[in-house]
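Architecture and fold: a report
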Amino acid sequence: MLLIGSMNWATTRLKGNFLCPHCGKNSNFRLRVSRPFLTLYFIPVIPIGGLTEFVECRGCKNSFEPIVLSSLMMPTGSNTLVTETGDGVEASFEEDLLKAIALIMVEDGQVTEDEIRLARRLYENIVEEPLSRELLGKTCSAVRAQQLRTLSFLSTAAKRRNHEEKQLLIQAMFGISSADGGITAGRMASLIQCQQILGIHEDEFKRAIESTEQWLV
Ligand SMILES: [Zn+2]
């Protein structure tokens, strides 16, 4: 019997110091490049996706998007790099929204049809443009390959989004969380952490949750 599987093959491209959004202080990082491979007997044989870059903090082990290394977030005097091409461009709101949705979807390790249906409906309601299954699927694979965590992502996204956009992000995340029926206590606790990272007031959070319900029917 052939044992076929898949794995992410990651290599380090760059090392240095950065201001870690999670640790809140200067920490060592590794800029890593990961690519999914099809494996045969646990040996990577065929690359099955594109390259994904992510920044890993050596202190807290959290992963962040490469944008975290931009000059705005680097402590002065420790600039060892960064000559990003293209990737360093600020993400649009649509990209951040899609990523936030994908992160919630992959959080529990399995993506359900209900989540896919709801994700597309939420996105279309907010952006007023259709979202293809393909792009949604690609984004889910990308955030997994990046080993991106929801809170790490939000800590960088919060810096480039305005207040109204942040409210829409939390609304979408809440909506996806409720796709499989109710929201568990653990999920709710992490949504509240998201709300705090985004700097959204409790009343606004409640209002956002209420207005999400109209999209769920
Ligand atoms: Zn850290």
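Here is a short report on the structure shown in this document.

Analysis parameters
- Residues numbered from 1 in each chain as written.
- Predicted model: local features only at pLDDT ≥ 70, side-chain atom pairs only at ≥ 80, totals over all residues.
- Heavy atoms only, no water.
- Patch = residues over 30% accessible without salt bridge, like charges linked within 9 Å, V, L, I, M, F, W, Y side chains within 5 Å.
- Areas by Shrake-Rupley, 256 points an atom, 1.4 Å probe, with all protein chains shown as cover.
- Salt bridge = Lys/Arg side-chain N within 4 Å of Asp/Glu carboxyl O.
- Helix = DSSP H or I, 4+ residues; strand = E, 2+ residues; numbered from the N terminus.
- Buried < 20%, exposed > 50% of the residue type's maximum accessible area, 1.4 Å probe, protein only.
- Polar contact = N/O pair within 3.5 Å; in protein donor to acceptor, adjacent residues only side chain to side chain.
- Contact = heavy atoms within 4.5 Å.
- Phe/Tyr/Trp six-rings, centres within 6.5 Å; stacked < 30°, edge-to-face > 60°.

As a further point, take a nonpolar patch on the surface. A surface patch of nonpolar side chains, about 720 Å² in accessible area, is lined by L3, I4, L40, Y41, I43, V45, I46 and I48. For the nonpolar patch, the element with the most residues is strand β3 (residues 43–47), which contributes 3 residues. Using a relative accessible area of 43% as the deciding quantity, one classes Y41 as partly exposed.

Let us look at the pattern of salt bridges. Side-chain pairs of opposite charge can arise whenever the charged atoms involved come near each other. For the structure on display, the rule yields 12 salt bridges. Between E107 and R187 there is a salt bridge, with its nearest N and O atoms 3.0 Å apart. A residue pair is termed long-range when its members are at least 10 positions apart, and E107 in the loop between α1 (93–106) and α2 (113–127) and R187 in helix α6 (residues 185–197) qualify at 80 residues. Here E107 falls in the partly exposed class, since its relative accessible area comes to 39%. Between E202 and K206 there is a salt bridge whose closest N-O contact spans 3.9 Å. On the criterion of helical spacing, the pair formed by E202 and K206 is a turn pair, its members being 4 residues apart in helix α7 (residues 202–216). On the basis of relative accessibility, which here comes to 45%, the residue K206 falls in the partly exposed class. When salt bridges that share partners are traced, they join E65, D96, K99, R160, R161 and E165 into one network.

Turning to the side chain of S155, a few remarks are in order. Of note, S155 is situated in helix α4 (residues 150–160). By relative accessible area, S155 is classed as buried at 13%. Within the local environment of S155, its side chain forms a polar contact with the backbone oxygen of S152, the two atoms lying 2.7 Å apart. Once you skip the residues sitting within four places of it in the chain, S155 turns out to touch P21, F64 and I197.

It is worth spelling out the packing of aromatic side chains at this point. Tallied over the entire structure, the rule returns 2 aromatic pairs. Measuring from ring centre to ring centre gives 5.5 Å for F18 and F29, while their planes differ by 70°; the resulting arrangement is edge-to-face. Highlighted residues: F18 in strand β1 (residues 4–19) and F29 in strand β2 (residues 26–40), separated in sequence by 11 residues. On the basis of relative accessibility, which here comes to 0%, the residue F18 falls in the buried class. Three or more aromatic residues joined by ring pairs form one cluster here, namely F18, F29 and F64.

Interpretation in functional terms is not warranted from these geometric data alone.
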